[in-house]
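Here is how the chains run, residue by residue.
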Amino acid sequence: MPPTTRSDISLRVNGETHVLTVDNRTTLLDALRENLGLTGTKKGCDHGQCGACTVLADGRRAVSCLQLAVAAEGSDITTIEGIADGEDLHPVQEAFLELDGYQCGYCTPGQICSAVAVIKEHAAGWPSAATADVRPDAEPVPLDAAEIRERMSGNLCRCGAYTAIVRAVARASDETKVTA
Amino acid sequence: MTDLTESISAPPVGVVGTSHVRLEGREKVTGAARYAADVPFEGLAHGSLVLATVARGRITSIGVDDVLAMPGVLGVIHHGNAPRLNPEAGLLGTGDATLQLLQDDRVPHVGRPVALVVAETAEQARAGADALVVTYEEEEADLVFSADHPGSYTPAAAPEKHKGDVDAELAAAPVVVDQRYTTPQEHHSAMEPHASMARWADGRLEVVDSNQGSFLVSYVLSVLFRLDPGVVRVRAEHVGGGFGSKGIGPQLILAVMATTELKRPVRVALTRRQVFATTGMRAATDQRVRLGADSTGRLRAIDHDTATHTSTIHEFVEFPGEVTNALYAADAIRIRTSLVKVNLPTPTWMRAPGCAPGSFALESAMDELAEAVGVDPVELRLRNEPEVGPISGLPFTSRNLVGCLTEGARRFGWADRDPRPGVRREGRWLLGTGMAAGIYGAGSLPSTAAITAHPDGTFTVGIGAADIGTGARTALVLVAADALEVPTSAIRIDIADSDLGQAWFAGGSRGTSSWTWAITAAATDLREKLADIAHIPADGITGRADTAPLIGALEQRENHAHGAQFAEVAVDPSSGEVRVRRMLGIFAAGRIINPLTTRSQLIGGMTMGISMALHEEGLRDAQFGGQVNGDLAGYHVSAHADIPAIEADWVPDYDPSNPSGVKGVGEVAIVGTAAAVANAVWHATGTRQRSLPISLERILTTTNA
């Protein structure tokens, strides 16, 4: 293949730097899955419509299907495989497990990555479309069910686990505060 | 005849009925669970589909050479070089031409696969598929289904069914409701797009697939490709949802063709648009329901007519009349279905086939009858409770719809409801409540299972079950633990592998009832064998069962799961927005094996029901037949923000016709949801919504602000 269609890049994923050669058309999602074998990140639509491919890029949520791998150089990527602390599950993972915040499990990695970031976004005072008072000096709002539903709406779940996911995110948020 | 009722009248005590987290839960929350497209293979090639762009016609040329010259392209499979398939192959044992891919130059509908481009990488395959030029000779297509279509006929699979003289009862009834209800094409939209890997290894065709029943898929595949059934091995360890769409998908057939031709392992993963175009949908329906009642609301007649559509290549019949078959008693009942063949893809089963669209019509009509006779909707249903099958006259295995209705009404606070529509306002919102009943068939289908006892005191259960998100894996271990009288930690389970032998698939709400029976029977066989020996040899002792003769000996019964759903909605008549504020479902679905996962599945069904009520509508271009909204942005399925806190619970029920007392819960929970929401919208606004989905524009064009 002519050299112009491929690029040598380095990707920092889950704290490790990987040097790889990718087709310039390769999305970050496909690079994670096909080049690095990190298949926990799922492809549900490849169009940024379902959220199954959500990862954290520098701590913020990103749909990895809408980003080219060559453009992800320099970002610190966290995938579902990097959410737990070794064998110790993250409080969000623990809550999904115990409260049955999933069924088929296919949207779950994206939901969990999203939830981890939602809790941080909320703690940092970011408003959502469900926040009544969005002035910079407004009092912080609790991460209640309406806030969680709004903030998690980019992650579709066709099995219909939303009710349990909302509970799981709320519980993990409470626990994160206690341990923080 | 086998009478199981006496021998198992008292449910055994054990872990069944207690909540357990999913056995595969840790893998699912850490990303370790591998789905079909996640499994790596040495030397894997990738296939990308090319779909027909015309609604009817003939392929005149395929520009293969240009694509073969592209980087990485290994081959192009098309009707000129594809392996010949056996036309007798089909999931139900008869030929389904939907499976006959790349067999000739005919195009029966837009989206029919016409070629597969295989390349070294997925990007190269996609580029090749995008570049492949296919030309067609177009023919006039018949694209629009309507109830008065001149091609309508009564399909042999859904003949008229009736009892009594419906016309006479309707003529004599003092109160008659006569309305039309329509439901659109709906798409399963499981989060995992269909994907398959196929390769030949050691003389066997090995398949890693996303399906609802690996044994059935392997069998149909062997018929389709004229192979010895033992040659084919299909596995589907984790499946990202199915809802009826994951039988034998086009990606599987094409992957097998490609690996056979190219001698490489080939993975074919559908894009989301291809999932919409090629994996079937729930057919649209146009239903007329006529209810005749006396002044107290007692039904004298139910007349349920459905018009629906199928493709020109295979007759699939959506059968909404199923819901009328056994829900209410009436002096006369008639169910009729008419079908039209149009140049659209073949529809297929989608969660609660028949009953989901059928209940929207029947349960909306019941609400209209309640209004007409001035009887509370819950009370109306209690007054029409049948003692035996309304048409068949057969006894029910068990039936606790009354419990669902009364317990649901109590918990929802239904008794305080003011029946008048359009009188509750909260700011810009009009508020209302509604309810509906639901029913879905239950029963067991023949399955085999094996359980091996090992010398270390552990056991391995092997059964060709599928876990598509239902929690089957976990539930089956609970049942096995009780049957063997050992803790769950002593049991390991293998599922979703065709080499495990015949078993019913995850469909028709009959998975758990079928598989648990095979497991309890295998446990009995194993315990008998263990009683005769002193020591377990190193390779273990295996007990086996095949439930076919046991099931064949069952007496005929009306066997159904039941439910009652209650919804509170808020409607903004100035924007057309409908918000479901709360929803409660109470079900009678046999014995509940694992309350944690059962509740999830019931809530999941109700969630999909809300989506059906408010959002889902597959739209097609009437001139060209293409899908206008074939992706998850255009075809909206309920998101987090659409769904309130839904509650699901159950009342006592026990199916005496299988050893575990199980009925299925996969489908009954979507039956009635849309009607409950629609009835609540009427209660809020005073305007009936007889077409789904209840979209913004439907509210705006029918409701006075």
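Residues numbered from 1 in each chain as written. Chains lettered and ligands numbered in written order. Predicted model: local features only at pLDDT ≥ 70, side-chain atom pairs only at ≥ 80, totals over all residues. Heavy atoms only, no water.

If you check an unreviewed UniProt entry, chain B appears there as Xanthine dehydrogenase YagR molybdenum-binding subunit from Umezawaea tangerina.

Rule in force here: UniProt positions are given in the numbering used here, feature names are shortened, and annotations may be inferred rather than shown by experiment.
Looking up chain A in an unreviewed UniProt entry gives the name Xanthine dehydrogenase YagT iron-sulfur-binding subunit, with the organism given as Umezawaea tangerina. Recorded under Pathway (unreviewed entry), the UniProt text for chain A is reproduced unchanged: "Alkaloid degradation; nicotine degradation."

Structural notes on the packing of aromatic side chains
All names here are of chain B. The condition that has to hold: Two aromatic rings, drawn from Phe, Tyr or Trp (for Trp, its six-membered ring), form a pair once their centres lie within 6.5 Å of each other, and the interplanar angle then sorts them: stacked below 30 degrees, edge-to-face above 60, tilted otherwise. Put simply, DSSP marks the helices as runs of H or I at least four residues long and the strands as runs of E at least two long, and each gets a number from the N terminus on. Buried residues are those whose accessible area, probed at 1.4 Å on protein chains only, stays under 20% of the maximum for their type, while exposed residues exceed 50% and partly exposed ones sit between those limits. The rule for a charge over a ring is simple: NZ of Lys or CZ of Arg within 6 Å of the ring centre, and within 35 degrees of the ring normal.
Taken as a whole and judged by the stated rule, the model has eight aromatic pairs over all chains. For the pair Tyr 181 and Phe 360, a centre-to-centre distance of 6.0 Å together with 85° between the ring planes defines the contact as edge-to-face. Taken together, the positions of Tyr 181 in strand S8 (residues 175-183) and Phe 360 in helix H9 (residues 355-373) put the pair 179 residues apart, joining distant regions of the chain. Note on accessibility: Tyr 181 and Phe 360 belong to one class, buried. Here a set of aromatic residues connected by ring pairs shows up, and it is made of Phe 412, Trp 414 and Phe 566. The ring of Phe 412 is capped by Arg 582, whose NZ or CZ atom sits 3.8 Å from the centre of that ring.

Looking at the side chain of Ser 173 of chain A
So the rule is basically this: Here, residues are in contact when the closest pair of their heavy atoms is within 4.5 Å.
Relative to the helices and strands, Ser 173 of chain A resides in helix H5 (residues 162-179). Among all residues touching Ser 173 of chain A, those that are not within four sequence positions of it are Ile 119 and Leu 143 of chain A.

What to know about the pattern of salt bridges
Definition in use: The salt bridge criterion pairs a side-chain nitrogen of Lys or Arg with a carboxyl oxygen of Asp or Glu, the two atoms within 4 Å.
Within this structure, the stated rule accounts for 62 salt bridges over all chains. Arg 25 of chain A serves as the salt-bridge partner of Asp 23 of chain A, at 2.8 Å between the closest nitrogen and oxygen. When its relative accessible area of 5% is taken as the criterion, Asp 23 of chain A is described as buried. When its relative accessible area of 43% is taken as the criterion, Arg 25 of chain A is described as partly exposed. Residues Glu 206 of chain B and Arg 235 of chain B are paired through a salt bridge, measuring 2.7 Å at the closest nitrogen-oxygen approach.

Brief notes about the side chain of Gln 49 of chain A
Rules: Any pair of N or O atoms that falls within 3.5 Å is considered a polar contact. Within protein, one atom must be able to donate a hydrogen and the other to accept it, and sequence-neighbouring residues count only if both atoms are side-chain atoms.
Its location among the elements puts Gln 49 of chain A in the loop between helix H1 (28-35) and strand S3 (54-57). One polar contact links the side chain of Gln 49 of chain A to the main-chain amide nitrogen of Leu 632 of chain B, over a distance of 3.1 Å. Of note is the side chain of Gln 49 of chain A, whose polar atom sits 3.4 Å from the backbone nitrogen of Ala 633 of chain B. Residues contacting Gln 49 of chain A, with those up to four places away along its chain left out, are Leu 156 of chain A together with Asp 631, Leu 632 and Ala 633 of chain B.

Overview of the interface of chain B and chain A
Worth spelling out the cut-off: When two parts are brought into contact, each loses some accessible area as probed by a 1.4 Å sphere; the total of that loss over both is the buried area.
Counting from both sides, the interface comprises 57 residues of chain B and, opposite them, 49 residues of chain A. Per-residue buried area on chain B facing chain A is highest for Val 29, Met 191 and His 640 of chain B; these three make up 21% of the total on that side. Our count for the chain B to chain A interface comes out at six salt bridges. Here chain B and chain A share 25 residue pairs in polar contact (both at pLDDT 80 or more) between them.

With respect to the sheet that holds strand S23 (residues 577-588) of chain B
Residues and elements named next belong to chain B. Note the following rule: Pairing between strands is defined by DSSP: at least two bridges between them are needed. To define axes, lines are fitted to C-alpha atoms, for helices over the stretch in contact only, and angles between the resulting N-to-C directions are given on a 0 to 180 degree scale.
Read across the open sheet, the five strands follow the order S16-S17-S22-S23-S24; overall the sheet is mixed. Two strands bound the open sheet, and with one partner strand each, they are strand S16 (425-426) and strand S24 (646-650). Looking at chain direction, S16 and strand S17 (residues 429-441) are connected through two bridges and run antiparallel. Note on S17: the bridge partner recorded for Glu 426 is Trp 429. Across the sheet, helix H11 (residues 401-412) is in contact with S17, strand S22 (560-572), S23 and S24; its angle to S22 comes to roughly 30°.

A short note on the domain arrangement of chain B
Residues and elements named next belong to chain B. Condition: Domain segmentation is taken from an automatic or database assignment of domains.
Split by domain assignment, chain B resolves into domain 1 (4-33 + 443-552) and domain 2 (138-395). On a C-alpha basis, the centroid separation for the pair domain 1 and domain 2 is 30 Å. With 18 residues of domain 1 in contact, the opposing surface of domain 2 contributes 19 residues. Interface area, domain 1 with domain 2, both sides summed: about 1400 Å², of which 51% is carbon and sulfur. Broken down residue by residue, the surface that domain 1 buries against domain 2 is led by Ile 468, Ala 496 and Ser 498, which jointly contribute 36%.

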